[in-house]
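Structural overview for review
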Amino acid sequence: MKHVLWLVLKRALASVVTILVISLIIFIGVELLPGDVAETVLGQSATPETVKAFRKELKLDLPPHVRYFTWLKDFVQGDFGNSLANGRPVFGLITWRFANTLFLAATAAAIAVPLAVILGILAALYRNSLFDNAISTTTLSFISFPEFFIAYILIGVFSVQFNVFPSLAAISPRMNFGEKLYTILLPALTLTAIVTAHMMRQTRAAIINVLASAYIEMAELKGIRRLRIIVQHAFPNALSPVINVIAVNLAYLVVGVVIVEVVFVYPGLGQLLVDSVSKRDIPVVQASGLIFAATYVTLNLLADILSMLSNPRLRKTH
Amino acid sequence: MLKLLRQSPLSARIGMGIVLLNILTAIFAPIIAPYGETKVVGDVWELFNSQFFFGTDHLGRDLFSRMVFGARNTIALAFATTALSFSFGIVLGFFAATLGGWTDQILSRIIDIIMAFPTLIFALMILSVVGSSVYSLVFTIAVLDSTRVYRLSRAVAMDIEVMEFVEAARLRGEGVWWLMRHEILPNAMPPLVAEFGLRFCFVFLFIAALSFLGLGLQPPAADWGGMVRENAGAITFGIYTPLLPAAAIAFLTVGVNLIVDWFLRVASGLKD
């Protein structure tokens, strides 16, 4: 057990270093901005005085390393600076949108994970049957489709033809949980279609991989029933790769949400990021980018830790 | 090669047909398209009729002509990006494998960190800093995507690097560049070609996504992702023309995937 703990610790440390380096890259990226942020934002007509005041407000008059540490310290304390577009604090802009993004991703995950695991196990069980081929072809095409294609097909069918779900996921804090779910069902279904395809294919591959091992053949030769082989022999060993697949896809879900949010005009962090990129609202881009990156790295870390803990071989070595 | 083609399964032939159709459309765009790329020829969002096969777009331009020109822009852009990404990835990956030691360590750790960062978010942040133009778009995506190519080409080159013929060439006194070019590259081709197909799909969808977000080719140039964005409003009126460019993207990606699938199966010796 000590061995695993050490592995987990090492892995967590690597993630912290990764996030720090990413924050440095984000910071340097803005440093490299051609010209001066102040001049870019204020435009050609700005007087030297306004540029100077603006530079002071962004703390551009300090040396770079001092600014990096101040920025990082403020960031950790929840002070993300002010938006260049409307002067409001970035923190307030981001928190409610980030909660929305997580809500959408969680809803999609709640539908996609059980669906993908069940389909994956079934496809592996009835390998090379009609069912398996049908599922493989469907998922392969879903992987090839751009996200917005699936999204617009769903809009076309469910909100234009049958008019049962709204095409705009205009969520508001006043709604109760049921109303919120109803509003975001179409975007959640779009995300489900995309991640289920990936997760199901990988689950199928993981289980087929385990089913090919010698001990499964041994169990078969002993005459154990197929269901028992799967539950008692194959599943514990397939669990580790499957958990890993799920967590990696959840990380993808949180990031892949960007396009879907734009299609459905959903007030999430992804939409804010895209808007801020076209407006070149740097503080908002920095903050939302770092939050996305941190979430992504954390979920990937979780994936690795869970698969370490659920791997019987790693657990038993001392 | 011809024998291999004759033995190809139906799915791969469909894939090749799709890719060929797209390439021919892209090459002969000015001949095929009945109207100009940016010419306003009709009313806004006209439906399918004998004059306009696919109807018209949000400014009254012929959608069919724009899709034909869009094939040219979109495919050329994705192809150029993938090619650039492969040259970066292969050169760095081979360098890391042949030189080993510190070069390998430093390169691999940098690549690890870039890969830990979600690609779309990274691309959005870079484009927000450098501004979106065709060149920055191609360069950004190529750099981000080359990390995957680096991983593969390094792993493949590692296996080849320990072979006797490489050792022999090394003892002959050949330089690193020569080793990479004449000994490793020819032997690393099969996995790299399959990867090229996969990366092309990924880059193609990625550019489509960025164009859809308004950060790809700038109007009035036609590209499929951007066309979906421009015409998306029509869907709420029950006009489905914006789905056509999106379907074209899906169509080409499925085609390339079918070929890659077959190629991988042949290369891996028909494993399950």
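This text gives an overview of the structure that appears in the document. On a predicted model such as this, the values are computed, not experimentally measured, just so you know. (Residues numbered from 1 in each chain as written. Chains lettered and ligands numbered in written order. Predicted model: local features only at pLDDT ≥ 70, side-chain atom pairs only at ≥ 80, totals over all residues. Heavy atoms only, no water.)

**Some details on the overall build of chain A**
We apply this condition: Only DSSP runs of H or I covering at least 4 residues are called helices, and only runs of E covering at least 2 are called strands; the numbering of each starts at the N terminus. Burial classes: relative accessible area under 20% of the type maximum marks a residue as buried, over 50% as exposed, and values in between as partly exposed (1.4 Å probe, protein chains only). Working rule for contacts: check all heavy atoms of both residues, and any pair within 4.5 Å makes them a contact. Only the protein chains shown count as cover for residues, and the accessible areas themselves come from Shrake-Rupley with a 1.4 Å probe.
Counting its secondary structure elements, chain A contains 14 helices and zero strands. Seen in sequence order, chain A has helices and strands lined up from the N terminus as α-α-α-α-α-α-α-α-α-α-α-α-α-α. Within chain A, the fraction of its 318 residues that count as buried is 48%. If you take every contact in chain A between residues at least 6 apart in sequence, the share linking residues at least 24 apart comes to 74%. Roughly 15900 Å² of accessible area belongs to chain A as shown, and the carbon and sulfur atoms make up 67% of that amount.

**Digging into a nonpolar patch on the surface**
Residue and element names in this part refer to chain B. Here is the rule we go by: Residues form patches when they are more than 30% accessible in relative terms and have no salt bridge. Like charges link within 9 Å. Nonpolar side chains (Val, Leu, Ile, Met, Phe, Trp, Tyr) link within 5 Å. Think of a salt bridge as a Lys or Arg side-chain nitrogen and an Asp or Glu carboxyl oxygen that are within 4 Å of each other.
Taken together, L20, I23, L24, I27, F28, I31 and I32 make up a surface patch of nonpolar side chains, about 660 Å² in accessible area. Those elements giving two or more residues to the nonpolar patch turn out to be α2 (10–27) and α3 (29–32). Within the secondary structure layout, I27 lies in helix α2.

**A short note on the nonpolar core**
So the rule is basically this: Joining through side-chain atoms within 4.5 Å is the link that ties buried Ala, Val, Leu, Ile, Met, Phe, Trp, Tyr and Cys residues into a set, and such a set is a nonpolar core.
F148 and Y152 of chain A together with L124 and L210 of chain B are the most contacted members of the largest nonpolar core, which has 121 residues in total. Top element by residues in this core is helix α5 (residues 90–125) of chain A. It accounts for 14 residues. For L210 of chain B, the contacting residues outside a window of four places in its chain are L120, A123, L124, L127, L137, I141, L215 and G216 of chain B. Membership of the second largest hydrophobic core comes to 15 residues, among which are I90, A157, V166 and L179 of chain B.

**Thoughts on the pattern of salt bridges**
Residues and elements named next belong to chain B. For the structure shown, the criterion picks out ten salt bridges over all chains. The closest approach of N and O atoms between D104 and R154, which form a salt bridge, is 2.7 Å. Of this pair, D104 sits in helix α5 (residues 101–115) while R154 sits in helix α7 (residues 134–161); the two residues are 50 residues apart in sequence, bridging distant segments of the chain. For R154, a relative accessible area of 22% corresponds to the partly exposed category.

**Quick notes on the packing of aromatic side chains**
Stated formally: Stacked, tilted and edge-to-face are the three classes applied to pairs of Phe, Tyr and Trp rings, where Trp contributes its six-membered ring and a pair requires centres within 6.5 Å; stacked means planes under 30 degrees apart, edge-to-face means over 60, and tilted covers the rest. Two thresholds decide whether a charge sits over a ring: the Lys NZ or Arg CZ must be within 6 Å of the ring centre and within 35 degrees of the ring normal.
Under the definition given, this model contains twelve aromatic pairs over all chains. Taking the centre distance of 4.5 Å and the plane angle of 15° together, the rings of F148 of chain A and F212 of chain B count as stacked. With F148 of chain A in helix α7 (residues 147–161) and F212 of chain B in helix α9 (residues 176–212), this residue pair bridges two chains. For the pair F148 of chain A and F212 of chain B, one class covers both residues: buried. Here F202 of chain B and F206 of chain B contribute two aromatic rings whose centre-to-centre distance is 5.8 Å and whose plane-to-plane angle is 15°, an arrangement assigned as stacked. Taken together, the residues span about one helical turn, with F202 of chain B and F206 of chain B both in helix α9 at a distance of four residues. Three or more aromatic residues joined by ring pairs make a cluster, and in this case those are F142, F145 and F149 of chain A. Here the basic side chain of R199 of chain B rests over the ring of F202 of chain B, its NZ or CZ set 4.7 Å away from the ring centre.

**A look at the side chain of T203 of chain A**
With respect to the helices and strands, T203 of chain A occurs in helix α9 (residues 185–211). With residues up to four places along the chain from it excluded, the contact list for T203 of chain A reads A116, V117, G120, V242 and V245 of chain A.

**Looking at unusual backbone geometry**
Most of the time, phi is negative for any residue but glycine, and the peptide bond is trans. A positive phi angle, close to 45°, is found at V265 of chain A, a residue other than glycine. Within the fold, V265 of chain A resides in the loop between α11 (226–263) and α12 (269–279).

**Let's talk about the packing of helix α4 (residues 63–99) of chain B against helix α10 (residues 224–231) of chain B**
Residue and element names in this part refer to chain B. Stated formally: Only the contacting stretch of a helix is used when fitting its axis, a line to C-alpha atoms as for every element, and angles between N-to-C directions run 0 to 180 degrees. Orientation categories follow fixed angle ranges, with anything under 35 degrees roughly parallel, anything over 145 roughly antiparallel, 65 to 115 roughly perpendicular, and all other angles oblique. Residue polarity is assigned by list, with Asp, Glu, Lys and Arg as charged and Ala, Val, Leu, Ile, Met, Phe, Trp, Tyr, Cys and Pro as nonpolar; anything else, Gly included, falls into the polar class.
Orientation of α4 relative to α10, taken along the N-to-C sense of each, is 140°, at an axis distance of 8 Å. Comparing the axis directions of α4 and α10 gives the class oblique. Listed contacts from α10 to L63, R66, M67, G70, A71 and T74 of α4 are W224, M227, E230 and N231. A per-class count over the contact of α4 with α10 returns five nonpolar, three polar and two charged.

**Let's talk about the interface of chain B and chain A**
For clarity, the threshold we go by: Take the accessible area each of two parts loses on contact, using a 1.4 Å probe, and add the two losses: that sum is the buried area. Whenever a nitrogen or oxygen atom comes within 3.5 Å of another N or O atom, the pair is scored as a polar contact, on the condition that within protein one atom can donate a hydrogen and the other can accept it, and that pairs from neighbouring residues in sequence are kept only if both atoms are in side chains.
Chain B puts 35 residues into the contact, and the matching count from chain A is 42 residues. Each partner contributes to the roughly 3300 Å² buried at the junction of chain B and chain A, and carbon and sulfur atoms together form 81% of this total. Linking chain B with chain A are zero salt bridges. Between the two partners, chain B and chain A, sit one residue pair in polar contact (both at pLDDT 80 or more). Listed by contribution, the elements that provide at least two residues to the side of chain B that touches chain A are α6 (119–130), α9, α10 and α11 (243–267) of chain B.

Everything listed here is a matter of coordinates, which is why it stays silent on function.
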